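# Inside the fold
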Amino acid sequence: MTTAQTPELDVQPTPLALLLLGREADPKSERGVECPGDLPSPSDPDLVARARAAKEKLGDKVFVLGHHYQRDEVIQFADVTGDSFKLARDAAARPEAEYIVFCGVHFMAESADILTSDAQKVILPDLAAGCSMADMATAEQVAECWDVLTEAGVAEQVVPVSYMNSSADIKAFTGRHGGTICTSSNARRALEWAFRQGEPDATKVLFLPDQHLGRNTAVREMGMSLEDCVVYNPHKPNGGLTAEQLRDAKMILWRGHCSVHGRFSLDSVNDVRERIPGVNVLVHPECRHEVVAAADHVGSTEYIIKALEAAPAGSKWAIGTELNLVRRLADRFAPEGKEIVFLDKTVCFCSTMNRIDLPHLVWALESLAEGTTVNRIEVDQETEAFAKLALERMLALP
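One numbering rule holds for all chains: residues counted from 1, following each sequence as written. Two thresholds apply to this predicted model, a pLDDT of at least 70 for residue-level local features and 80 or more for giving and counting side-chain atom pairs, whereas whole-chain, interface and lining totals are computed over all residues. As a rule here, side-chain values come from all non-hydrogen atoms in the structure, and water together with hydrogens is ignored.

### A closer look at the sheet that holds strand S4 (residues 121-123)
Stated precisely, the cut-off is as follows: Paired strands, in this sense, are two strands between which DSSP finds at least two bridges. The helix count covers DSSP runs of H or I at least four residues long, the strand count covers runs of E at least two residues long, and both are numbered beginning at the N terminus. Each axis is a line fitted through C-alpha atoms, and for a helix only the stretch in contact is used; angles between axes span 0 to 180 degrees, taken between their N-to-C directions. We call two residues in contact whenever any of their non-hydrogen atoms come within 4.5 Å of each other.
Taken together, the four strands give an open sheet; going across it, the order is S2-S1-S3-S4, and neighbouring strands pair in parallel fashion. At either margin of the open sheet sits one strand with a lone partner, and together these are strand S2 (80-82) and S4. Across the sheet, the mean angle separating the axes of adjacent strands is 25° when strand polarity is ignored. Where strand S1 (residues 62-67) meets S2, three bridges bridge the pair, whose relative direction is parallel. Bridge pairing in S2 links histidine 67 to glycine 82. Helix-sheet contacts for helix H16 (residues 358-369) involve S1, strand S3 (99-103) and S4, and the interaxial angle to S3 is about 175°.

Set out below in structure tokens:
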């Protein structure tokens, strides 16, 4: 139904709807717009050869990073693979590369730009490759949250800890307010550091933007109770919390989540145990608390890979993370007799990660080879300075 067909309703598309359609831009959002240029056809049989030729022409001038959740057709051209922070650090370790082509999502490319030199250019093959979790915390919303904490009289006791899966604006907010960044691998160390920044019984953490990683780390790894955690909902007045709740809480969790890991349920775990006797359930800590509690093993993408590398032949595994990685691991370890399946019956790719496809990569590489810089990700100097401060605090964690 269009507005032209129903003028009497005066229906207008919302800004969010236009963003989702890729028809508008919002510099404060993780989401971008369509690529300015003609992409090769996805049916072009020469795409692989074209990507290889452009990459060879660029030589040492280009360094291609591939996140674990990328498609196989893209990951084959990555010089290194890994999780978001590992890749950003790998980019910083290659100062001779003029172009960093980041096959991931927007916040990852921002982190790479923050950690690399001014002479290097970070390229995101598709600007619409955002992150729904990072989108769930905007700079304006977090500033309003801090006002709520101030009015409740607790802001001076709060240390922000932000997950890597956040925008540069949120990382900068964290740096300005004395906080640190964390990954899914070092979240406990980051929280322990945060609680040491003030009085032991008074200090609180504002954890952004993934409530599940914050809750799972606090309860499962640090011995807190679920009652120690409250959820701040940016879409409700005062976050949906009273001043008393904020004063009593140890963990103030932002109401954000990963659209992929949030799909896994306790039913998924119970079902796979019935279908595959003796299966080991291994999930990412971005999953819901009840899923993590029911799993046999919990860890980051790097942890998942290492666990499967060390697993005995003939073992059975159900993995709760993005499907591209699970399928790649299943193929890799099948010759060793390891059975690896996706935790849920319903397939679940990361839709924004999958926006980086071979046509976009070919377009980006060929443009660079022709001397045209496309889709450069640049973080402004002030934001970069405070975001880098927060990232450096993480790097200094014991």
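### A look at the packing of aromatic side chains
Rule in force here: When two rings of Phe, Tyr or Trp (its six-membered ring) have centres within 6.5 Å they constitute a pair, described as stacked for plane angles under 30 degrees, edge-to-face for angles over 60, and tilted for the intermediate range. Burial here depends on accessible area, computed with a 1.4 Å probe over protein chains only, as a share of the maximum for the residue type. Under 20% is buried, over 50% is exposed, and the range in between is partly exposed.
Here the structure, examined in full by the defined rule, presents three aromatic pairs. Plain terms: the ring middles of tryptophan 146 and phenylalanine 173 are 5.6 Å apart, the flat faces sit at 80° to each other, and that makes the pair edge-to-face. With a gap of 27 residues between them, tryptophan 146 in helix H7 (residues 139-151) and phenylalanine 173 in helix H8 (residues 168-176) connect regions that are remote in the sequence. By the burial criterion, tryptophan 146 is buried, and phenylalanine 173 matches it. On the numbers, 5.4 Å between centres and 65° between planes, the contact of phenylalanine 264 with phenylalanine 342 is edge-to-face. In this pair, phenylalanine 264 sits in the loop between strand S9 (251-254) and helix H12 (266-275) while phenylalanine 342 sits in strand S13 (residues 339-342), placing the two residues 78 residues apart along the sequence.

### Some remarks on helix H9 (residues 187-195)
Residues of H9 that are buried: Ala187, Ala190, Leu191, Trp193, Ala194 and Phe195. Tucked into the core, H9 has its buried residues touching strand S5 (158-163), strand S6 (180-182), strand S7 (204-208), helix H10 (211-221), S9 and helix H17 (381-395).

### Section: the sheet that holds S6
The strand order S6-S5-S7-S9-S8 describes an open sheet built from five strands, whose pairing is parallel. The open sheet has two edge strands, S6 and strand S8 (229-232), and neither has a second partner. Each strand axis lies, on average, 25° off the axis of its neighbour in the sheet, ignoring direction. Note: S5 against S7, five bridges, orientation parallel. Counted as the bridge partner of proline 160 is leucine 206 from S7.

### Remarks on helix H4 (residues 84-92)
Stated precisely, the cut-off is as follows: Read the arc as the range of directions from the helix axis to the C-beta atoms. Pairs of N or O atoms within 3.5 Å make up the polar contacts considered here, provided that, within protein, one atom can donate a hydrogen while the other can accept it, and that residues adjacent in sequence are counted only when both atoms are side-chain atoms.
Among all positions of H4, only Ser84, Phe85, Leu87, Ala88 and Ala91 are buried. Mapping the buried residues of H4 onto a view down its axis gives an arc of 160°, with all of them on the same face. Looking at the buried positions of H4, the neighbouring elements they touch are S1, S2, S3, helix H5 (106-115) and H17. Of the residues that open H4, the one with a side-chain oxygen 3.0 Å from the backbone nitrogen of lysine 86 is aspartate 83.

### Some remarks on the state of the cysteines
Here is the rule we go by: By disulfide we mean two sulfur atoms from cysteines, separated by a distance within 2.5 Å.
For the structure on display, the rule yields zero disulfides. In this structure cysteine 229 is not part of a disulfide, and its nearest cysteine sulfur, from cysteine 182, lies 14 Å away. Judged by its relative accessible area of 12%, cysteine 229 falls in the buried class.

### Some points on the pairing of S13
The criterion, for reference: Handedness of a crossover is defined as follows: with both strands directed away from the viewer, a clockwise route from the first strand across the helix to the second makes it right-handed.
Alternating positions in S13 separate cleanly, Ile340 and Phe342 being buried on one face and Glu339 and Val341 remaining unburied on the opposite face. A crossover connection joins strand S12 (residues 316-320) to the parallel S13 through helix H15 (residues 323-333); in handedness this β-α-β unit is right-handed.

### Side note on the confidence of the model for the protein chain
We count it as follows: Residue-level confidence of the predictor is what pLDDT reports, using numbers from 0 through 100.
Counting all residues, the mean pLDDT for the protein chain is 89, and 91% of those residues have values of 70 or more. Counted against residues more than four places away or in other chains, residues 1-23, with its pLDDT under 50, gives 16 contacts.

### Section: the pattern of salt bridges
Rules: Take a side-chain nitrogen of Lys or Arg and a carboxyl oxygen of Asp or Glu: if they are within 4 Å of each other, that pair is a salt bridge.
A full pass over the atoms with the stated rule returns 18 salt bridges. In this structure, the salt-bridge partner of aspartate 90 is lysine 86, at a minimum N-O distance of 3.1 Å. With aspartate 90 and lysine 86 both in helix H4 and four residues apart, this pair spans about one turn of that helix. The class of aspartate 90 is partly exposed, set by a relative accessible area of 21%. The class for lysine 86 is partly exposed, based on a relative accessible area of 32%. In this structure, arginine 355 and aspartate 126 form a salt bridge, with 3.2 Å as the shortest nitrogen-oxygen distance. Separated by 229 residues along the polypeptide, arginine 355 in the loop between S13 and H16 and aspartate 126 in the loop between S4 and helix H6 (132-135) bring together distant segments of the chain. Judged by relative accessible area, which is 35%, arginine 355 ranks as partly exposed. Because the salt bridges share partners, they merge into one network encompassing Asp44, Arg50 and Glu366.

### What about the side chain of asparagine 216?
By the element assignment, asparagine 216 lies in helix H10. Its relative accessible area of 3% is what places asparagine 216 among the buried residues. Only 2.9 Å separates the side chain of asparagine 216 from the backbone oxygen of proline 285, close enough to count as a polar contact. In this structure the side chain of asparagine 216 is engaged in a polar contact, spanning 2.9 Å, whose partner is the backbone oxygen of cysteine 287. If sequence neighbours within four positions are ignored, asparagine 216 has contacts with Glu221, Pro285, Cys287, Arg288, His289 and Val292.

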